[in-house]
Amino acid sequence: MAGSDASSAFVEGVPCWVDAQLPDVEAGKRFYGELFGWTFEPFAPTGAAQGPYGGSVRADLDGKPVASLAPKRDGRMPTVWTVHFATPDAAALVGRVREAGGQVITAPVPLGDYGTTALATDPEGAVFGLWQGAELPGFGVRHGRGSFCWVELYARDTAVADAFYSTLFHDALFGPGTTRDFGRAHVSDVFFAEMPPHFLVHFGVEDCEAALGTVVRLGGRVQAPPFDTSYGHVAVVTDNQGASFALFQR
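The rules we used
Residues numbered from 1 in each chain as written. Predicted model: local features only at pLDDT ≥ 70, side-chain atom pairs only at ≥ 80, totals over all residues. Heavy atoms only, no water. Helix = DSSP H or I, 4+ residues; strand = E, 2+ residues; numbered from the N terminus. Rg over C-alpha atoms; globule rule 2.2 N^0.38 Å. Buried < 20%, exposed > 50% of the residue type's maximum accessible area, 1.4 Å probe, protein only. Contact = heavy atoms within 4.5 Å. Areas by Shrake-Rupley, 256 points an atom, 1.4 Å probe, with all protein chains shown as cover. Lys, Arg positive; Asp, Glu negative; His and termini not counted. Charge placed at Lys NZ, Arg CZ, Asp CG, Glu CD. Core = buried A, V, L, I, M, F, W, Y, C linked by side-chain atoms within 4.5 Å. Pairing = 2+ DSSP bridges. Axes fitted to C-alpha atoms, helices over the stretch in contact; angles between N-to-C directions. Phe/Tyr/Trp six-rings, centres within 6.5 Å; stacked < 30°, edge-to-face > 60°. Parallel < 35°, antiparallel > 145°, perpendicular 65-115°, else oblique. Left-handed = near helix turned anticlockwise from the far one by under 90°. Disulfide = S-S within 2.5 Å. Expected span 1.5 Å × (residues − 1). Polar contact = N/O pair within 3.5 Å; in protein donor to acceptor, adjacent residues only side chain to side chain.

> Sorry if this is basic, but what is going on with the overall build of the chain here?
Helix and strand content of the chain: five helices and 16 strands. Taking 250 residues into account, the globule formula puts the C-alpha radius of gyration at 18 Å, and the chain, at 17 Å, falls close to it. In the chain, which comprises 250 residues, the share counted as buried stands at 51%. Pairs at least 24 apart in sequence give 65% of the contacts found in the chain among residues at least 6 apart. Carbon together with sulfur atoms contributes 52% to the accessible area of the chain, which is approximately 10,800 Å² in total. Each charge class in the chain can be summarised by its mean position, and for the 17 positive and 28 negative side chains these summaries are 4 Å apart.

> How do you make sense of the nonpolar core when you look at a structure like this?
For soluble globular proteins, nonpolar side chains are generally found buried alongside one another. Ranked by size, the top nonpolar core spans 64 residues in total, and within it Trp38, Trp81, Phe128, Tyr165, Phe199, Phe245 and Leu247 carry the most contacts. Those residues in contact with Leu247 that lie beyond four places of it in its chain are Phe36, Phe203, Val205, Cys208, Ala211, Leu212, Val215, His233, Val234, Ala235 and Val237.

> I would appreciate a short explanation of the sheet that holds strand β9 (residues 127-133) in the present structure.
Taken together, eight strands build an open sheet; the order of strands is β3-β4-β5-β2-β6-β9-β8-β7 and the sheet is mixed. This sheet does not close on itself; its edge strands, each paired only once, are β3 (39-42) and β7 (103-111). The mean inter-strand angle of the sheet, taken between neighbouring strand axes irrespective of direction, is 30°. Pairing analysis gives seven bridges linking strand β8 (residues 115-121) to β9, with the strands arranged antiparallel. In the strand pairing of β9, Leu119 is matched with Gly129.

> Just to check I follow, could you spell out the packing of aromatic side chains for this structure?
Aromatic ring pairs: the centre-centre distance and the angle between the two ring planes describe each pair. Counted by the stated rule, this structure contains 33 aromatic pairs. Ring geometry for Phe31 and Phe245: centres 6.4 Å apart, planes at 80°, overall edge-to-face. You can see Phe31 sitting in helix α1 (residues 25-36) and its partner Phe245 sitting in strand β16 (residues 244-249), a full 214 residues away along the chain. Summarising the burial analysis for this pair, Phe31 and Phe245 share the class buried.

> Teacher, can you tell me more about the packing of α1 against helix α5 (residues 208-217) here?
Angle between the axes and distance between the axes are the two parameters that describe a pair of packed helices. Interaxial distance between α1 and α5 falls to 10 Å at its minimum, and their mutual angle equals 160°. In terms of orientation, α1 and α5 fall into the roughly antiparallel class. Pair α1 / α5 crosses with right-handed handedness. Two secondary-structure elements touch here, α1 through Phe31, Glu34 and Leu35 and α5 through Ala211, Thr214, Val215 and Arg217.

> Can you walk me through the state of the cysteines in this structure?
One covalent bond between the sulfur atoms of two cysteine residues makes up a disulfide. Under the definition given, this model contains zero disulfides. Left unpaired, Cys16 is separated from the closest cysteine sulfur, that of Cys149, by 16 Å. With no disulfide of its own, Cys208 has Cys149 as its nearest cysteine by sulfur position, at a separation of 12 Å. For Cys208, a relative accessible area of 0% puts it in the buried group.

> Looking at this model, I keep getting lost on the sheet that holds strand β14 (residues 221-228). Mind explaining?
Hydrogen bonds between backbone groups are what pair the strands of a sheet, and the pairing can be parallel or antiparallel. The mixed open sheet is built from six strands, whose spatial order is β12-β11-β13-β16-β15-β14. Both edges of this open sheet fall to β12 (182-186) and β14, since each of them pairs with a single strand only. Ignoring which end each strand starts from, the neighbouring axes of this sheet average 25° apart. Bridge analysis of strand β15 (residues 233-238) against β16 gives six bridges, and the strand direction is antiparallel. Bridging across to β16, His233 finds its partner in Gln249. Here α1 sits on the sheet and contacts β13 (198-204), β15 and β16; the angle it forms with β16, its principal contact strand, is near 10°. In the packing of α5 onto the sheet, the strands contacted are β14, β15 and β16, and the crossing angle to β15 comes to about 5°.

> Hey, could you run me through α1 in this one?
Counting along an α-helix, one turn takes 3.6 residues, and residues three or four places apart therefore face a common direction. The end-to-end C-alpha separation of α1 is 16 Å, in line with the 16 Å expected for 12 residues at 1.5 Å each. For α1, every residue scored as buried is listed here: Val25, Ala27, Gly28, Phe31, Tyr32, Gly33, Leu35 and Phe36. Its side-chain oxygen at 3.1 Å from the backbone nitrogen of Glu26, Asp24 defines the N-terminal cap of α1. Two residues or fewer after α1 comes Gly37, characterised by a positive phi angle close to 75°.

Here is the structure:
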């Protein structure tokens, strides 16, 4: 599965970055380094206070940025992968999130020279990030082995989700020549009905079954064995610290 260059500007509403909040970043580096072939370097924004970013690392694939791993600052917070959607104006977009019925968890905050980030939820509580890129526009590579390929929203009320995201991200979802990286399904299609609405980040693999074996060997577990979707062959797993993600074979 060949990758593609993602260095060009991201249209507002396109998934442009993912990060994981982990109890142990060093353990995360070992897990994802072996699973996806990622290498790592410190992710401390130039010109930003070190405090919130200390211990964070950027994951690279063949020298291009694909994700970041950050230490959890509060043990009560979930261990999760979070998707970030591109925007040219994070402050304006958080206003539209509120107007559309969502909530803002973290107002826009600069990450040094990298860009500006914010955290929000949709009307059902699914958490997502916003990214106004500067020095780091987003993924350096995507749609290939070991990189971001898709994100699926698992919602309880798909009509509410459709109305919310089509209002926020109309051009990214329905604009001319659009190649979508974002879908939605009913949560009970894959998970038990009580599962909270959430986004599931998908990373590309060449062989889903082989990748599942590596996940288990590294201490992760299988949440949902491989199944076919309209966009590809998918399995849902957790890493060795409990962060859920999907393996995606096109």
